[in-house]
Amino acid sequence: MKQDDITILREIQKNTQMAMSTIDTLLDKTEDSEFTMSLAKQSLGYAKIHNDAVEKLVEEQSGTYRTNQIADIMLRGSVHMGTLTNVSTSHLADMMIQGSNRGLTSMYKAVKHNAMAQDMSVELARELMDFEEKCIEKMKEYL
């Protein structure tokens, strides 16, 4: 496996971990059962893509992205601060859209800057980008 593939797969792993962590934090704050189900389904989608990336990295003995606990605490803190005064479904959906947009940007950069990556990692990156776009569309319903 080329270094470009490893970089893309680690970026996929990082983005999906952040998304799942954000969703996990938001689930405690929402009281809308339909919105809660939508977030839970998104988390499952992120988990599938995350596991696919980890599986490919482990198969090639390339090492996975190591989560930084401080970054995770900062992410959760940021979510808590963002919901300190407003936990409306609309606001939570807006936060999810913003996060998905950051994830899309990050993945586009990773694919563009790692042009030597093979189809396998690029396909998984595109799967994540397509999923992010669908998540954005779903979240727009709650604005």
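Our subject is the structure listed above.
Residues numbered from 1 in each chain as written. Predicted model: local features only at pLDDT ≥ 70, side-chain atom pairs only at ≥ 80, totals over all residues. Heavy atoms only, no water.

Now for the packing of aromatic side chains. Considering all chains together, one arrives at 2 aromatic pairs under this definition. Where Phe-35 meets Tyr-142, the ring centres are 5.0 Å apart and the plane angle is 70 degrees; that geometry is what we call edge-to-face. Residue Phe-35 is located in helix 2 (residues 33-59), and its partner Tyr-142 is located in the segment after helix 5 (119-140); the two are separated by 107 residues in the primary sequence. Tyr-142 sits in the buried class, given a relative accessible area of 11%. Consider the rings of Tyr-46 and Phe-131, whose centres lie 4.9 Å apart with planes at 90 degrees: the pair is edge-to-face. Taken together, the positions of Tyr-46 in helix 2 and Phe-131 in helix 5 put the pair 85 residues apart, joining distant regions of the chain. (Phe/Tyr/Trp six-rings, centres within 6.5 Å; stacked < 30°, edge-to-face > 60°. Helix = DSSP H or I, 4+ residues; strand = E, 2+ residues; numbered from the N terminus. Buried < 20%, exposed > 50% of the residue type's maximum accessible area, 1.4 Å probe, protein only.)

This part covers the pattern of salt bridges. In total, this model carries 5 salt bridges according to the counting rule given. A salt bridge links Asp-24 to Arg-76, with the shortest nitrogen-to-oxygen separation between them at 3.4 Å. Of the two residues, Asp-24 sits in helix 1 (residues 3-27) while Arg-76 sits in helix 3 (residues 69-82), which places them 52 residues apart along the sequence. Among the residues examined, Asp-24 registers a relative accessible area of 41% and is labelled partly exposed. In this structure, Lys-140 engages Glu-137 in a salt bridge whose closest nitrogen and oxygen atoms are separated by 3.0 Å. With Lys-140 and Glu-137 both in helix 5 and 3 residues apart, this pair spans about one turn of that helix. (Salt bridge = Lys/Arg side-chain N within 4 Å of Asp/Glu carboxyl O.)

The periodicity of an α-helix, 3.6 residues per turn, causes residues three or four places apart in sequence to face the same way. The terminal C-alpha atoms of helix 4 (residues 89-113), which comprises 25 residues, lie 36 Å apart, in line with the 36 Å expected from a rise of 1.5 Å per residue. Listing the buried residues of helix 4 in full gives Leu-92, Ala-93, Met-95, Met-96, Ile-97, Ser-100, Gly-103, Leu-104, Ser-106, Met-107, Ala-110 and Val-111. Considering only its buried residues, helix 4 is in contact with helix 1, helix 2, helix 3 and helix 5. (Expected span 1.5 Å × (residues − 1). Contact = heavy atoms within 4.5 Å.)

One way to put it is that helix 2 packs onto helix 5 with a least axis distance of 11 Å and a crossing angle of 175 degrees. Relative to helix 5, helix 2 is oriented roughly antiparallel. Residues Phe-35, Ser-38, Leu-39, Gln-42, Gly-45, Tyr-46, Lys-48, Ile-49, Asp-52, Ala-53 and Lys-56 of helix 2 pack against Met-120, Leu-124, Glu-127, Leu-128, Phe-131, Glu-132, Cys-135, Lys-138 and Met-139 of helix 5. (Axes fitted to C-alpha atoms, helices over the stretch in contact; angles between N-to-C directions. Parallel < 35°, antiparallel > 145°, perpendicular 65-115°, else oblique.)

What follows deals with the side chain of Ser-21. With respect to the element layout, Ser-21 can be found in helix 1. The class for Ser-21 is buried, based on a relative accessible area of 7%. For Ser-21, the side chain forms a polar contact with the side chain of Arg-76, separated by 3.4 Å. In this structure Ser-21 touches Asp-72, Leu-75 and Arg-76, once residues within four positions along its chain are discounted. (Polar contact = N/O pair within 3.5 Å; in protein donor to acceptor, adjacent residues only side chain to side chain.)

With respect to the helices and strands, the residue Ala-93 is situated in helix 4. You can call Ala-93 buried: its relative accessible area is 0%. Separated by 12 residues in sequence, Ala-93 and Thr-105 place their C-alpha atoms 18 Å apart.

Without other data, these values stay purely geometric and don't point to any function.
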